[in-house]
Amino acid sequence: MTAPWSAGEEQQLLPVARSSDVVQVRQMIRTLAQQCRLSLVDQTKFITAASELARNTLVYGGGGTVRAGAVEKGVRRGVAAVFADEGPGIADVELAMTDGWTSGGGLGLGLSGTRRLVDEFDLVTEVGAGTTVTIIKWAR
Amino acid sequence: MTERVPILRIGEVLVVSIQFDLEDQTVLHLQEDLAEQIVARSARGVIIDITALEIVDSFVGRMLATIADVSRMLDARTVVVGMRPAVAITLVELGLSLGGVDTALDLEKGLARLRRPARSADRV
């Protein structure tokens, strides 16, 4: 997936450099999800997914950024968030997406569990160069 | 400097009501503070009220499971109360069903749960 934004859509950018930034990310995503009229359950799922990915960016990626905003595809509207870091990258993506896998500390359901909470999930990673995860939730 | 969640006591029960979006460090402090307070105040039960929490991610979910396990080892039972329906749905889909965590719908039902003698399943 390339950048999910269409022309004219504005995004917000937040740094993920410290633990308190994860709280800021949740608040930004909550506001956006409400503006995009996601249902309460979908808001909850999307904010939770963003919280997981922001923590990954911080813990595994060594910090990075989150860019988020409204997206449109045809008649559908939704909210997208892109988590980018320049950390070590993920050597075996298939393994990292397996339920129960973790490279340390976590419960081992980070990425696979997070993917179940969103409508679209895209992961681009390169060893030594970093990881970018894009998620989208469409309003129903 | 991170915030600390206050721990209240009602009889032999410690009550924690989480009222704001927790930073990870605050979550870890709460875990340690509760273990300490269970022993210091000879508590038999712990109630964690998450009514105000709009989301529970894997970090907070793991904290709830850890507190339940730790309190059990310290001869106290933990009941999590006030989970929102959307939070329950999200946690299950995330893959975190909190099997070892006792829950009740609200504070009153949670306190009633702790007054009853422990079912064998609660203490295994």
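Scroll up to find the structure this text is about.
Overview of the structure. Worth saying up front: this structure is predicted, and the values here are computed from it rather than measured.

## Quick notes on the interface of chain A and chain B
Residue-level contacts link 23 residues of chain A with 20 residues of chain B. In total, chain A and chain B occlude about 2,000 Å² of area from one another, counting both sides; carbon and sulfur atoms represent 54% of this. Where chain A touches chain B, the interface holds six salt bridges. Measuring nitrogen to oxygen at the nearest pair gives 2.3 Å for the salt bridge that ties B:Glu54 to A:Arg30. Those elements giving two or more residues to the side of chain A that touches chain B turn out to be helix 1 (19–35), helix 2 (40–59) and helix 4 (110–116) of chain A. Residue contributions to the side of chain A that touches chain B peak at nine residues, all from helix 2 of chain A.

## Quick word on the sheet that holds strand 2 (residues 64–73) of chain A
Residue and element names in this part refer to chain A. Reading across the sheet, the five strands line up as 1-2-3-5-4 and stay open at both edges, with antiparallel pairing between neighbours. Each edge of the open sheet carries a strand with a single partner, namely strand 1 (11–16) and strand 4 (120–126). Shown here is a sheet whose adjacent strand axes are inclined to one another by a mean of 15 degrees, direction ignored. The strands touched by helix 1 are strand 1, strand 2 and strand 3 (76–85); relative to strand 1, the strand with the most contacts, the crossing angle is about 165 degrees. Where helix 2 meets the sheet, it contacts strand 1, strand 2, strand 3 and strand 5 (130–138), and its direction lies at approximately 175 degrees from that of strand 5.

## Remarks on the pattern of salt bridges
According to the stated counting rule, one finds 17 salt bridges over all chains in the structure shown. Between A:Asp42 and A:Arg140 there is a salt bridge, with the nearest N and O atoms lying 3.0 Å from each other. Highlighted residues: A:Asp42 in helix 2 and A:Arg140 in the segment after strand 5, separated in sequence by 98 residues. Residue A:Asp42 is classed as buried on the basis of its relative accessible area, which comes to 6%. For A:Arg140, a relative accessible area of 71% translates into the label exposed. Here B:Asp102 makes a salt bridge to B:Arg113, at a shortest N to O gap of 2.7 Å. Highlighted residues: B:Asp102 in strand 5 (residues 102–104) and B:Arg113 in helix 4 (residues 107–115), separated in sequence by eleven residues. The exposure class assigned to B:Arg113 is buried, which follows from its relative accessible area of 17%.

Calculation criteria
- Residues numbered from 1 in each chain as written.
- Chains lettered and ligands numbered in written order.
- Predicted model: local features only at pLDDT ≥ 70, side-chain atom pairs only at ≥ 80, totals over all residues.
- Heavy atoms only, no water.
- Contact = heavy atoms within 4.5 Å.
- Buried area = accessible area lost by both parts, 1.4 Å probe.
- Salt bridge = Lys/Arg side-chain N within 4 Å of Asp/Glu carboxyl O.
- Helix = DSSP H or I, 4+ residues; strand = E, 2+ residues; numbered from the N terminus.
- Pairing = 2+ DSSP bridges.
- Axes fitted to C-alpha atoms, helices over the stretch in contact; angles between N-to-C directions.
- Buried < 20%, exposed > 50% of the residue type's maximum accessible area, 1.4 Å probe, protein only.

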